[in-house]
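# Descriptive structure summary
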Amino acid sequence: MSNRSQIPREEGIDHTLSLIREGYRYILNRRQIFSCDIFETRLVGKKAICMGGKEAAEIFYDNEKFKRKDAAPNRAVQTLFGKNGVQALDGQAHRQRKEMFMSIMSSNELDRLTGIIRKQWKLAVDKWVQMDKVIFYEEVKEIMCRTACEWISIPVSANKVKGVTKDLGAMFESVAAIGPTHWLGRNARNRIEKWVGKLVEEIRDGKVNVSENSILYKFIRYHDPYGNSLDTDTVAVEVINILRPLVAIAIFINFIALTVYHYPNETKKLERSDEKYSLKFIQEVRRFYPFFPFVAGLVKNDFIWKGYKFEEGTLTLLDLYGTNHDPNIWENPDVFNPDRFTTWDGGLFDFIPQGGGDYFMGHRCAGEWVTIEIMKVSLDYLVNRINYDVPDQDLSFSMVSMPSIPRSKMVIKNISKRE
Ligand code: HEM
């Protein structure tokens, strides 16, 4: 007798259209219909397993069971990730490359970054007080682009900043798009890879000097334990793996501004409260709002989990949004409530807006601490350092577009500094 169970299957030839139509809730909706954390479907013409929840996340981040090479769709590689980046590595090669990223996430580097973002916020506000209105999302992307370039030590001239910001934004704004918008993202990646690659070559040829303590220099001089350095294209891809997501934090900062507007009672608590409440507020923003819907892996070797058979090579999606909204983990998951983080035990697999598991051994986001620090400074600015009005506008956001950004991009007016 076999204890094997059949994975619940969504019948039909292909369900890519349902994924496009239902967006962030596609996997969660089916987990609820099947009353099961796992189901099988067909996406872009292939068999795929979708799963969500704490136990599913735990299994997904088991390096013996899943691999990342060739898991991401080509359209994401061409816009979001780039070729030969850390996201597509496995095993020893992944651990070594990840170490390069984690080595820059020291408390010294985080302090330096916090100093830079504070300065950039101050410079931006000095400019905004003289403007009639500010399109917050666009301005914050520029703050983040300036911050990222300074942190890494990439010189960017005043007349180039807007173009670089636009290109870095296009890489994550175009990932799920089709047609011209997708091509904007591809072209943007080509331009930025070329720009960073040229700089890397000039530094290697001794034509441009950069501090030996800089992040850029560390990436250029990185050697794996066999003494191999990264080729220029790969250095560019990995440098962009810091630049691009730093600019993408503008999306979370936009959601902070939206929350401050929509939940005045929560904001009042922030004005008078301690750092602990700010952190809970930020964590709830990261949990509550849609950002990355899921991550993809391929089954490494056949295995059985809870009686379900996973066959080698099967595309498997782990539901990030749905795990952050899983009613088995979060009470009233669709209510914004920072206090839920008072009792959260810091689990590695239940709260996964930036992936789960271990930073060093697995693919969890290398920039999660950085993201939280930048969100803290930005929240402080919005709540304690400036006054502004939010005129009538469409503040809704899509649960289908990926990434989701408030439709008006959040327009603010009458900005003044607080004494
Ligand atoms: C905007 C906020 C961010 C979000 C929502 C986010 C989300 C994610 C997600 C979902 C993953 C994939 C996890 C997985 O594959 O299991 C990831 C990986 C990664 N993130 Fe982030 N991230 C953010 C910010 C950052 C920042 C600021 C940096 C760098 C400074 C960064 C660097 C990376 C790197 C290098 C990886 C690849 C890790 C690996 O494959 O081992 N991210 N991120």
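An unreviewed UniProt entry annotates the protein chain as Cytochrome P450 of Virgibacillus salarius.

Close to the ligand lie 29 residues; Tyr 61, Arg 68, His 94, His 363 and Cys 365 are nearest. Take Lys 98: an N or O atom from its side chain is 2.9 Å from an oxygen atom of the ligand. Put simply, the parts of the chain that give the shell around the ligand at least two residues each are α5 (91–102), α11 (232–262) and α15 (368–385). Counting residues per element, the shell around the ligand draws most heavily on α11, at 7 residues. Looking at side-chain class alone, the shell around the ligand contains 17 nonpolar, 9 polar and 3 charged residues.

Okay, the layout of surface pockets next. Over the atoms a probe the size of a water molecule is rolled, and this reveals where empty space is left. Looking at the second largest pocket, its volume works out to about 260 Å³. Contributing to the lining of the second largest pocket are 13 residues, with Glu 275, Ser 278, Lys 376, Asp 380 and Asn 384 lying nearest its centre. Elements supplying a minimum of two residues to the lining of the second largest pocket: α13 (275–288) and α15. The leading source of residues in the lining of the second largest pocket is α15, at 7 residues. The residue inventory of the lining of the second largest pocket, partitioned by class, reads 4 nonpolar, 3 polar and 6 charged.

The next point concerns the coordination of the iron atom of the ligand. Reference geometry at the metal: tetrahedral coordination by four donors gives ideal angles of 109.5 degrees; octahedral coordination by six donors gives 90 or 180 degrees. If you check the protein contacts of the iron atom of the ligand, you find one donor only, Cys 365 (SG), at 2.3 Å. In this structure, Cys 365 sits in the loop between α14 (320–324) and α15.

Time to look at a nonpolar patch on the surface. The grouping of Phe 360, Met 361 and Trp 369 at the surface amounts to a nonpolar patch, some 270 Å² of accessible area in total. Along the chain, Phe 360 falls in the loop between α14 and α15.

Here we come to the sheet that holds strand β3 (residues 66–67). One open sheet accounts for 5 strands, arranged β1-β2-β8-β5-β3; its pairing is mixed. Edge positions in the sheet fall to β1 (38–43) and β3, since each has one partner strand and no second. Pairing of strand β5 (residues 294–299) with strand β8 (residues 315–319) involves 5 bridges; the strand directions are antiparallel. The residue of β8 that forms the bridge with Leu 298 is Leu 315.

This part is about the pairing of β1. Of all 6 residues in β1, 5 are buried; the element is thus mostly enclosed. Two elements, β1 and strand β2 (residues 46–51), share 6 bridges in a ladder whose sense is antiparallel. If you follow Leu 43 over to β2, its bridge partner there is Lys 46. Between the end of β1 and the start of β2, which pair antiparallel, lie 2 residues, with Val 44 showing a positive phi angle near 35°.

Now for the UniProt feature "binding site: heme" (unreviewed entry) in the protein chain. UniProt tags Cys 365 as "binding site: heme" (unreviewed entry). Taking the relative accessible area as the measure of exposure, Cys 365 reaches 24% and is therefore partly exposed. Setting aside chain neighbours within four positions, we find Cys 365 in contact with Gln 354 and Tyr 359.

Using the criterion set out here, one finds 1 cavity of 30 Å³ or more in the structure. Space inside the largest cavity adds up to approximately 50 Å³. Along the walls of the largest cavity sit Arg 286, Arg 287, Tyr 289, Pro 290, Phe 291, Phe 292, Tyr 321, Asn 324 and Pro 353, which together make up its complete lining. Elements that contribute at least two residues to the lining of the largest cavity include exactly α13 and α14. When the residues that make up the lining of the largest cavity are grouped by side-chain class, the tally is 6 nonpolar, 1 polar and 2 charged.

Another point: a negative patch on the surface. A cluster of acidic side chains, namely Glu 201, Asp 205, Asp 231 and Asp 233, defines a negative patch on the protein surface. Looking at where Asp 231 falls in the secondary structure, it is placed in the loop between α10 (215–221) and α11. Classification of Asp 231 by relative accessible area gives partly exposed; the value is 45%.

Another point: helix α9 (residues 180–204). Under the 1.5 Å per step criterion, the end-to-end length of α9 is 36 Å for 25 residues, consistent within 8% with the ideal 36 Å. Each element contacted by the buried residues of α9 is listed here: α4 (74–81), α8 (161–173), α10 and α11. Gly 206 sits one or two positions beyond α9 and adopts a positive phi of about 75°.

So, how was this worked out
- Residues numbered from 1 in each chain as written.
- Predicted model: local features only at pLDDT ≥ 70, side-chain atom pairs only at ≥ 80, totals over all residues.
- Heavy atoms only, no water.
- Near = heavy atom within 4 Å.
- Polar contact = N/O pair within 3.5 Å; in protein donor to acceptor, adjacent residues only side chain to side chain.
- Helix = DSSP H or I, 4+ residues; strand = E, 2+ residues; numbered from the N terminus.
- Nonpolar A, V, L, I, M, F, W, Y, C, P; charged D, E, K, R; others polar.
- 1 Å grid on protein atoms, 1.4 Å probe; cavity = no way out; pocket = protein on both sides within 12 Å on 5 of 7 lines; lining within 4 Å.
- Points joined across faces, edges and corners; volume = space filled by probe spheres on them.
- Donors = N, O, S within 2.8 Å, 3.2 Å for Na, K, Ca; no water.
- Patch = residues over 30% accessible without salt bridge, like charges linked within 9 Å, V, L, I, M, F, W, Y side chains within 5 Å.
- Areas by Shrake-Rupley, 256 points an atom, 1.4 Å probe, with all protein chains shown as cover.
- Salt bridge = Lys/Arg side-chain N within 4 Å of Asp/Glu carboxyl O.
- Pairing = 2+ DSSP bridges.
- Buried < 20%, exposed > 50% of the residue type's maximum accessible area, 1.4 Å probe, protein only.
- UniProt positions renumbered as here; feature names shortened; annotations may be inferred.
- Contact = heavy atoms within 4.5 Å.
- Lys, Arg positive; Asp, Glu negative; His and termini not counted.
- Charge placed at Lys NZ, Arg CZ, Asp CG, Glu CD.
- Expected span 1.5 Å × (residues − 1).

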